[in-house]
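Residue-level structure breakdown
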Amino acid sequence: MSTIDPPFALLAELTHRCPLRCPYCSNPLELVRRSQELDTQTWQRVLDETAHAGALQVHFSGGEPTARNDIEILVAHAAKIGLYTNLITSGILADDELLARLQLAGLDHVQVSIQDTNDIIGDRVAGYQGAQKIKRKVAQQVGQLGMALTVNAVFHRQNMARVSDVIDWAVDVNAQRLEIANVQYYGWGLENRRNLMPRLSQLEEMNRVVQDRIEALKGIIVIDYVVPDYFARRPKACMNGWGRRFFNVMPNGVMIPCHAAQTIPDMEFENVQDKSVGWIWQHSEAFNRFRGTAWMPEPCRSCDRREIDWAGCRCQALALTGSASNPDPVCDKVEGHAQIREQAFSDSSLIGEKFVYRTFSGSR
């Protein structure tokens with residue numbers, strides 16, 4: 001095997017506890033309980049090993065990372081060893097006092113998620129009354145403290161019509177960056193796919209609006225935008241390729257190449273309680289299985305995009321074809337692509353289904 005480059009960033013899923021119940025949550029269906037979470041000292045060691053392995057960034061995530069009472073300690077430790085620190089938060093538990101303490105601890109950047117600019121619909125999606133108003137206050141406080149701010153907004157059938165309003169919201173709170181994401185259909189998103197899949201007409205209108213706004217807002221805010229996979233012609237380079245730049249550590253210490261990797265049934269993932277971050281990154285079977293291009297079947301192996309999209313998303317390939325080793329059928333060069341489009345049209349025509357909300361919540 002050729003030399004393996006060091007990782008760029010760790011997504012530290014500190015906890016699966018969260019006050020929100022979003023029906024497209026990227027957490028697994030089987031959530032890690034509080035009693036199984038790594039303790040403070042173990043997370044500090046993981047951060048040390050992450051920096052030693054060559055990573056430059058840590059993204060504190062969850063669930064809701066501020067549900068951990070030691071969040072300030074972990075941010076301070078990461079900052080002390082030279083990692084760029086980013087907090088990915090719902091904002092619900094991040095009051096002014098906590099944000100100020102995190103800023104003093106060395107927090108560099110905050111990503112605040114919003115569900116909608118329509119408070120009623122947004123709160124229904126979040127499963128939490130008053131969530132959207134809290135998020136605006138938190139986003140404004142981040143800017144006042146001088147930290148960089150990104151707004152994350154997940155789009156689906158029920159909020160696509162307000163994409164321009166969401167862009168205005170992000171500009172109004174002085175965010176430097178806006179991620180216009182689309183629901184990824186695995187985990188909770190797959191459970192709710194029939195109630196989230198947009199209609200093609202909605203997507204076409206959103207594409208037009210977003211492209212116009214990107215052009216008009218150059219120099220004011222950076223807008224990252226990717227169309228929904230089921231309507232794409234080419235797959236995304238999931239995590240910039242399996243085991244190439246990013247890794248996740250789950251609340252119980254399981255280390256995985258992406259946040260949905262545990263959906264793959266025939267893989268065993270190492271735990272940072274048993275092996276070091278560097279060893280797992282370099283030597284574990286799971287991280288090496290889909291690395292590079294040698295594993296790829298045709299048409300991916302001979303495709304001139306094989307080192308651009310890396311054959312797409314392994315978890316999506318599993319969900320749509322039954323095997324993570326297959327090419328991602330989002331690509332129109334792959335057999336089964338037409339059926340994926342038909343599935344999207346079929347799902348988007350359905351109405352009136354209730355959300356299956358993610359389970360247990362939590363507080364500090």
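Residues numbered from 1 in each chain as written. Predicted model: local features only at pLDDT ≥ 70, side-chain atom pairs only at ≥ 80, totals over all residues. Heavy atoms only, no water.

Owing to its 3.6 residues per turn, the α-helix aligns residues three or four sequence positions apart on the same side. In this model helix 5 (residues 131–144) runs 20 Å from its N-terminal to its C-terminal C-alpha over 14 residues, within 8% of the 20 Å that 1.5 Å per residue would give. Structurally, helix 5 contributes buried residues whose contacts are with helix 3 (96–105), strand 4 (109–114), helix 4 (119–126), strand 5 (148–155) and helix 6 (163–172). Of the residues flanking the end of helix 5, it is Gly146, one or two places downstream, whose phi is positive at about 85 degrees. (Helix = DSSP H or I, 4+ residues; strand = E, 2+ residues; numbered from the N terminus. Expected span 1.5 Å × (residues − 1). Contact = heavy atoms within 4.5 Å.)

Attention shifts here to the state of the cysteines. Summed over all chains, the structure comprises zero disulfides. With no disulfide of its own, Cys238 lies 3.9 Å from the sulfur of Cys313, the closest cysteine sulfur. (Disulfide = S-S within 2.5 Å.)

Summarising the element assignment, Thr15 is placed in the loop between strand 1 (9–13) and helix 1 (40–52). Judged by its relative accessible area of 0%, Thr15 falls in the buried class. Separated by 128 residues in the primary sequence, Thr15 and Gly143 have C-alpha atoms spaced 26 Å apart. Not counting chain neighbours up to four residues away, the residues in contact with Thr15 comprise Glu37, Ser61, Gly62, Gly63, Glu64, Pro65, Ala67, Arg68 and Pro251. Looking at Thr15, its side chain comes within polar contact range of the main-chain nitrogen of Arg17, at 3.0 Å. (Buried < 20%, exposed > 50% of the residue type's maximum accessible area, 1.4 Å probe, protein only. Polar contact = N/O pair within 3.5 Å; in protein donor to acceptor, adjacent residues only side chain to side chain.)

Taken together, nine strands build an open sheet; the order of strands is 7-6-5-4-3-2-1-8-9 and the sheet is mixed. Across the chains shown, the open sheet's two edge strands, defined by having one partner strand only, are strand 7 (222–225) and strand 9 (255–256). Bridge count between strand 8 (residues 246–249) and strand 9: two bridges; the pairing is antiparallel. Looking at strand 9, one finds that Asn248 is bridged to Ile256. (Pairing = 2+ DSSP bridges.)

Note that every value here comes from positions in space, so none of it alone points to a role or purpose.
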